[in-house]
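# Descriptive analysis of the structure
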Amino acid sequence: WTSARTTRTAQMRRYLKPVTFVLCLLPLAWLLARALGVAGASIGANPIDELQDETAEWALRLLLVTLCITPLTVTLRKPWLLAVRRMLGLFAFTYLCLHFLNWLVLDQWLDLRAILADIAKRPYITIGFTAFLLLVPLAVTSTAGWMRRLGRRWHQLHRLIYPAAILGCVHYWWQVKADWREPLAYALVLALLLGACNLTRFESPP
């Protein structure tokens, strides 16, 4: 029975990674198709704003999904879920990088003065930029090699995902001018995740 369970776990790991990879790419593929007008798809009247908003939302969604993996693994007793935790985190960072580059290049045209003024003048941009900076070392040290080098410090470092997620929710909330229901939903999900992690003392995910 143990051997059969091990085989099923290995099979789930084998199929879960490519399926997760494809699913994480689908929003980007659809966004690109709309940006290029493929098959009559349209990205809207303001493509820069649309790209900015959608890449940010997918970054936050994937970040929250990443945080769900450890609690789900413990609750459902499905260790094979851990196989995609790193991938989800890296995809969240990828969408965040696209969000940042869209603002940096298409919105600000790499104008350093305008960029610095925007960061200093608008609190939600300051908050968002801080969240991005917190996630950079997590993405860099996400490999097995860095886990070995850092040892216990690796887990301490990767706890930065929690303040980064909080700042991401605040950034989204402050940016929204009218309909705050969606950022509220993200904030509530994050609050539940933080409560679960604190209550059960889960290890922080990478």
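Notes on the structure in this doc start here. (Residues numbered from 1 in each chain as written. Predicted model: local features only at pLDDT ≥ 70, side-chain atom pairs only at ≥ 80, totals over all residues. Heavy atoms only, no water.)

One full turn of an α-helix is made of 3.6 residues, so residues set three or four places apart face in the same direction. The first and last C-alpha atoms of helix 8 (residues 161-175) sit 21 Å apart over 15 residues, in line with the 21 Å expected at 1.5 Å per residue. Among the residues of helix 8, those classed as buried are Ile161, Tyr162, Ala164, Ala165, Leu167, Gly168, Cys169, His171, Tyr172 and Gln175. (Helix = DSSP H or I, 4+ residues; strand = E, 2+ residues; numbered from the N terminus. Expected span 1.5 Å × (residues − 1). Buried < 20%, exposed > 50% of the residue type's maximum accessible area, 1.4 Å probe, protein only.)

Along its 18 residues, helix 5 (residues 123-140) runs 27 Å from first to last C-alpha, staying within 8% of the 26 Å computed at 1.5 Å per residue. Residues of helix 5 that are buried include every one of Tyr124, Ile125, Ile127, Gly128, Ala131, Phe132, Leu135, Leu138 and Ala139, and no others. Buried residues in helix 5 make contact with helix 2 (47-76), helix 3 (85-107), helix 4 (112-121), helix 7 (152-157) and helix 8. (Contact = heavy atoms within 4.5 Å.)

Before going further, it helps to examine the packing of aromatic side chains. Geometrically, a pair of aromatic rings is defined through the distance of the ring centres and the angle of the planes. Applying the stated criterion across every chain yields a total of six aromatic pairs. Between the aromatic rings of Phe21 and Phe91, the centroid separation amounts to 5.4 Å while the plane-to-plane angle is 65°, which identifies the pairing as edge-to-face. Here the residue Phe21 occupies a position in helix 1 (residues 2-36), and Phe91 occupies one in helix 3, the gap between them amounting to 70 residues. Phe21 sits in the partly exposed class, given a relative accessible area of 40%. In textbook terms, an aromatic cluster arises when at least three aromatic residues are bridged by ring pairs, as seen for Phe93, Phe100, Trp103, Phe129 and Phe132. Stacked on the ring of Trp58, the Lys or Arg Arg61 has its end atom at 4.6 Å from the ring centre. (Phe/Tyr/Trp six-rings, centres within 6.5 Å; stacked < 30°, edge-to-face > 60°. Lys NZ or Arg CZ within 6 Å of the ring centre and 35° of its normal.)

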